[in-house]
Amino acid sequence: MRILIVGGSGYVGTLMLPWLAAEHEIRVLDLVPPQGDYDHVVGSATDPAALATALEGMDAVVHGAMGFRSEADKGQLDTTSAFEVNVASVYATLEAAHAAGVSRAVLIGSLSVFGNEPAHLIERDVEEDAEPDATNLYGVTKRLAEQVGRIAADAHGMTVTVLRLAFPTPDEIWPRWALPILDEPVQIRRADGTPVPALAGSDLAAAVSAAAARDSSGYDVFHIVGADDSGPRWRTDKARDGLGWVARRR
Ligand SMILES: NC(=O)c1ccc[n+]([C@@H]2O[C@H](COP(=O)([O-])OP(=O)(O)OC[C@H]3O[C@@H](n4cnc5c(N)ncnc54)[C@H](O)[C@@H]3O)[C@@H](O)[C@H]2O)c1
């Protein structure tokens, strides 16, 4: 497939690009060029003209752009940018995709649509059909992005697939999580010491491929997280049944 990755120059985009490029023709739309020799358009996903240029000839679009973190405020998300990029640019991307005849879209979502402190997400069991309940800035914008995706699917007959990720990481770092704002990769652990494996880039790319090729039209959402044999936690049965996806990195 020919797939446009919006926000493909960021942390998550950089994790999955090499794996996706091995199977697909990839183009990136981002404010900055991607790391590596990939076809790309430098521009904003809030700009219809840049989106139209980037979407030309594509079969599917993946939205993985994200608002910036404020260096002055301990890496907190900037509020205006969070709504502009995490929500408004998703709307602009889906509208532009519809106008360009690109009917398949994958939204990079987050398991952070669930829960806030003190009910920390890693301590919770989360079913795939549970109602998102996060009320912090990041979680709210990711919840709204899901709504935008559902509306586009209904209004335009698009196939819109949300992949809710947790702790995406490079394969060579797995099972630790290597978010760039951290000083070094960390092993996420629950309060009882149980490790929470991160999601390897190869597994993420496999999920994105499967979602981009999803057969049934309309909106759907799947949990895409690292393989965790510690018992029922974050359910991924839907991804197994609906996308044929299971985490392979163990
Ligand atoms: N990093 C994680 O651990 C994690 C976990 C779960 C979900 N996610 C999701 O993954 C996605 C990407 O997150 P990330 O961690 O890679 O963020 P990031 O900040 O590393 O990358 C975001 C990218 O978006 C680009 N961007 C920002 N505004 C843009 C605009 N207007 N137009 C085009 N591009 C723009 C940036 O230049 C950057 O390359 C987000 O949807 C996020 O919610 C990330």
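Structure first, text after, so check above.
Residues numbered from 1 in each chain as written. Predicted model: local features only at pLDDT ≥ 70, side-chain atom pairs only at ≥ 80, totals over all residues.

Asks: Would you take a moment to explain the nonpolar core for this structure?
Replies: A general feature of soluble globular proteins is that nonpolar side chains tend to end up buried together. Among the nonpolar cores identified, the biggest contains 74 residues, and V62 and V208 are the most heavily contacted of them. Sort the elements by how many residues they give to this core and helix 3 (residues 79-99) lands first, with 8 residues. What V208 contacts, discounting residues up to four positions off in sequence, is M16, L20, V62, V106 and L163. (Core = buried A, V, L, I, M, F, W, Y, C linked by C-beta atoms within 7 Å. Buried ≥ 20, exposed ≤ 12 C-beta atoms within 10 Å, placed from the backbone. Helix = DSSP H or I, 4+ residues; strand = E, 2+ residues; numbered from the N terminus. Contact = placed C-beta atoms within 7 Å.)

Asks: Quick question: what am I supposed to make of the environment of R143 here?
Replies: Within the element layout of this structure, R143 appears in helix 4 (residues 137-156). On a C-alpha basis, the gap between R143 and S112 in space is 8.8 Å, while along the polypeptide they are 31 residues apart. Setting aside its immediate chain neighbours within four residues, R143 contacts V113, P132 and A134.

Asks: What am I meant to see in the site of the ligand here?
Replies: The ligand sits among 26 residues. The nearest are G7, G10, Y11, V12 and A45. If you list the elements that add at least two residues to the shell around the ligand, you get helix 1 (11-21), strand 2 (25-30), helix 3 and strand 5 (104-110). Take the shell around the ligand: its biggest share by element is 3 residues, from helix 1. In terms of residue class, the shell around the ligand is made up of 15 nonpolar, 9 polar and 2 charged. (Near = placed C-beta within 6 Å. Nonpolar A, V, L, I, M, F, W, Y, C, P; charged D, E, K, R; others polar.)

Asks: Which parts of the structure should I look at to understand the environment of V186?
Replies: Structurally, the position occupied by V186 is in the loop between strand 7 (168-169) and strand 8 (188-189). According to the C-beta neighbour criterion, V186 is partly exposed, with 15 such atoms within 10 Å. Spatially, the C-alpha atoms of V186 and I173 are 9.3 Å apart, while their sequence positions differ by 13 residues. Excluding its chain neighbours within four sequence positions, the residues that come into contact with V186 are R176 and W177.

Asks: What am I meant to see in helix 5 (residues 201-212) here?
Replies: An α-helix turns once per 3.6 residues; consequently, residues spaced three or four apart project the same way. Taking 1.5 Å as the rise per residue, helix 5 with 12 residues should run 16 Å; its terminal C-alpha atoms sit 16 Å apart, in good agreement. Burial runs high along helix 5: 10 of the 12 residues are buried. Where helix 5 is concerned, the buried positions are G201, D203, L204, A205, A206, A207, V208, S209, A211 and A212. (Expected span 1.5 Å × (residues − 1).)

Asks: What's the story with the environment of L29 in this structure? I'm lost.
Replies: You can see L29 is positioned in strand 2. According to the C-beta neighbour criterion, L29 is buried, with 30 such atoms within 10 Å. With residues up to four places along the chain from it excluded, the contact list for L29 reads L4, V6, V41, G43, A45, A50, L51 and A54.

Asks: Help me out: how do you make sense of the pairing of strand 2 in this one?
Replies: Regular strands place their side chains on alternate faces of the sheet. With 5 of 6 residues buried, strand 2 is to be regarded as a mostly interior element. Pairing of strand 1 (residues 2-6) with strand 2, which is carried by 5 bridges, proceeds in the parallel orientation. Residue pairing for strand 2: I5 is matched across the bridge by V28. As for the winding sense of the linkage, the β-α-β connection from strand 1 through helix 1 to strand 2 is right-handed. The sheet contact formed by strand 2 and strand 3 (residues 39-42) spans 4 bridges and is parallel. For V28, the partnering residue across the bridge sits in strand 3 and is H40. (Pairing = 2+ DSSP bridges. Right-handed = clockwise from strand over helix to strand, strands pointing away.)

Asks: Where do I start with the pairing of strand 1 in this structure?
Replies: Among the 5 residues that make up strand 1, 4 are buried, leaving the element largely enclosed by the rest of the structure. With 4 bridges joining them, strand 1 and strand 4 (residues 60-63) adopt parallel strand pairing. Bridging across to strand 4, I3 finds its partner in A60.

Asks: Is there a simple way to explain the packing of helix 2 (residues 48-55) against helix 3 in this structure?
Replies: Helices that pack against each other are described as a pair by the angle of their axes relative to one another and the distance between those axes. Interhelical geometry of helix 2 versus helix 3 gives an angle of 50° and a closest axis separation of 9 Å. Looking at the two axes, helix 2 sits oblique to helix 3. Relative to helix 3, the crossing made by helix 2 is right-handed. Touching P48, L51, A52 and L55 of helix 2 are A92, T93, A96 and A97, all from helix 3. Considering only residue class, the contact of helix 2 with helix 3 consists of 7 nonpolar, 1 polar and no charged. (Axes fitted to C-alpha atoms, helices over the stretch in contact; angles between N-to-C directions. Parallel < 35°, antiparallel > 145°, perpendicular 65-115°, else oblique. Left-handed = near helix turned anticlockwise from the far one by under 90°.)

It is worth stressing that arrangement in space is one thing and function is another; only the former is reported here.
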